[in-house]
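Below, each chain spelled out in residue letters.
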Amino acid sequence: MKIIQGGICAAKGFKANGVHCGIRKNQTKKDLALIYSDVIANAAAVYTTNIVKGAPLVLTKEHISDGKAQAIICNSGNANTCNANGIEIAQQMSELVGESLDINPNDVIIASTGVIGQTLDITPIKNGITPLSEGLMYDGSAVAAEAIMTTDTTPKEIAVEFTLGGKVCHMGAIAKGSGMIHPDMATMLVFITTDANISSEMLAKALKTDVVDTFNMTSVDGDTSTNDMVAILANGLAENEEITQEDEDFAEFMKALNTVTVYLCKQIASDGEGATKLLECKVTGGNDLLSAKKAAKSVICSSLLKAAMFAADANWGRVLCAIGYSGADVDLTKTDVSFRSAKGEVTVCKNGAGVAFSEEKAKEVLLENEVEILISIGDGDYSATAWGCDLTYDYVKINGSYRS
């Protein structure tokens, strides 16, 4: 398996495009993206657990209930959530795509991201659909990735090449996510494409299995969004034998999917609103998997710990505090904590108690833009990883003026 170029268009038969249609006032920012498969594809998705859900998610769930889709349309700048006519607008979006691409509107996945509770006018989308569809490109991943951004500071895309049954396959993805991100599937908008031949049932199983250890372990600010979704399309153009069960090919497919999703988790966490560094919390020694996950997520979600990381302050007591209220099964007398980065590693806690360490060295380690928080919570065999970011002054500035 290897990382390749191409993003969402790396897989055979996928085109994409992004344009500015007028939803966003800033004409330099694209606000409408389209992804299209030359042939009907198997489809699966996972959605936010927030009971307040955007209209696009509700309609998308209906559209892919048969496990099929051929296109994805996504607008930024407006979430189309808590609107009286939200479903109607989402349906109109799918009909516009269906008409422009000559496909069934029910084979369209719809997504929106932006401000909640703001009426979405269909007019800009109507005006933009023709240039959007006519401009579809087999190398259009970058512009599509740009068009789904909100407060993101950089586009997020990745692609991998792998082999199934002697056939070369590809998988690519784009994502957006910077704020209102918390582990409770989903945690952002992620669109994944592959030319691998896999049944819709196994595709759904792969996605649901993977997100538990990837996107559900990512947090920026503790808020679970109303519009988040991860969707995947598999059009089978790689012509491998169809994956219909959990065999070696399915395991290889899972490896490719996990490579893509872990990369995006790190990209999203490091681009958290106002963030200056990526935090990766690795917990080992758990007596059970749930305890390892609870400890890792609790640490990565701690506002006090995140603030300390912003200041490069090795305040390890905040790590233990977060573990203590996590609900994890922890042996405090066997709990160790270290911080590690490109500048080295410093142990700050051993067997639940502080140890002498160089504050200067710790500061040097924590000033890096990628920091690992290494925790052992006992002698168990279970481990987990969570991703997050520091908490900065700019996070408040960004969210204090989000609507303006």
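The structure we're discussing is the one just above.
Residues numbered from 1 in each chain as written. Predicted model: local features only at pLDDT ≥ 70, side-chain atom pairs only at ≥ 80, totals over all residues. Heavy atoms only, no water.

### Let's talk about the overall build of the chain
In terms of helices and strands, the chain carries 11 helices and 15 strands. In terms of C-alpha radius of gyration, the chain reaches 22 Å, essentially the compact-globule figure of 22 Å for 404 residues. Counting only C-alpha atoms and orienting by the principal axes, one finds that the chain spans roughly 70 × 50 × 35 Å. Every one of the 404 residues in the chain was classed for burial, and the buried ones make up 57%. Sequence separation of 24 or more characterises 81% of the internal contacts of the chain that already satisfy a separation of 6 or more. Carbon and sulfur atoms form 48% of the exposed surface of the chain, whose accessible area is close to 16,100 Å². Both charge centroids of the chain, one from 33 positive and one from 51 negative side chains, sit 5 Å from each other. (Helix = DSSP H or I, 4+ residues; strand = E, 2+ residues; numbered from the N terminus. Rg over C-alpha atoms; globule rule 2.2 N^0.38 Å. Buried < 20%, exposed > 50% of the residue type's maximum accessible area, 1.4 Å probe, protein only. Contact = heavy atoms within 4.5 Å. Areas by Shrake-Rupley, 256 points an atom, 1.4 Å probe, with all protein chains shown as cover. Lys, Arg positive; Asp, Glu negative; His and termini not counted. Charge placed at Lys NZ, Arg CZ, Asp CG, Glu CD.)

### Looking at the side chain of Ser-199
Secondary-structure assignment places Ser-199 in the loop between strand S8 (189-194) and helix H5 (200-211). Ser-199 sits in the buried class, given a relative accessible area of 8%. Within polar-contact distance, the side chain of Ser-199 engages the backbone nitrogen of Met-202 at 3.2 Å. When residues no more than four places from it in sequence are discounted, the contact partners of Ser-199 are Asn-42, Glu-242, Ile-243 and Thr-244. (Polar contact = N/O pair within 3.5 Å; in protein donor to acceptor, adjacent residues only side chain to side chain.)

### Some details on the pairing of strand S9 (residues 229-234)
Consecutive residues of a regular strand have side chains that alternate between opposite faces of the sheet. Most of S9 is tucked away: six of the six residues are buried. Side chains Met-229, Ala-231 and Leu-233 of S9 all project onto a buried face; the interleaved residues Val-230, Ile-232 and Ala-234 project onto the opposite face, where all are buried too. Pairing analysis gives six bridges linking strand S3 (residues 32-47) to S9, with the strands arranged antiparallel. In the sheet register, Ala-43 faces S9, and the bridge partner there is Leu-233. Inspection of the sheet shows S8 paired to S9 by six bridges, in the parallel sense. Paired with Val-190 across the bridge in S9 is Val-230. (Pairing = 2+ DSSP bridges.)

### Quick notes on a negative patch on the surface
A contiguous patch of negative charge, built from Glu-201, Glu-241, Glu-242, Asp-247 and Glu-248, is present on the exposed surface. Here Glu-201 is to be found in helix H5. (Patch = residues over 30% accessible without salt bridge, like charges linked within 9 Å, V, L, I, M, F, W, Y side chains within 5 Å. Salt bridge = Lys/Arg side-chain N within 4 Å of Asp/Glu carboxyl O.)

### Considerations on helix H1 (residues 55-63)
Three or more residues of H1 are buried, namely Ala-55, Pro-56, Leu-57, Leu-59, Thr-60 and His-63. Of the surrounding elements, those touching the buried residues of H1 are S3, strand S4 (68-78), helix H2 (86-101), strand S5 (108-115) and S9.

### Comments concerning the sheet that holds strand S14 (residues 370-376)
With mixed pairing, the six strands of this open sheet are ordered in space as S13-S12-S11-S14-S10-S15. The sheet is open, and its two borders are formed by strand S13 (353-354) and strand S15 (382-389), each paired with just one other strand. Note that strand S10 (residues 278-286) and S15 share seven bridges and pair antiparallel. Note on S15: the bridge partner recorded for Lys-282 is Thr-385. Sheet strands in contact with helix H7 (residues 289-301) are S10, S14 and S15, and its direction is about 20° off that of S15. (Axes fitted to C-alpha atoms, helices over the stretch in contact; angles between N-to-C directions.)

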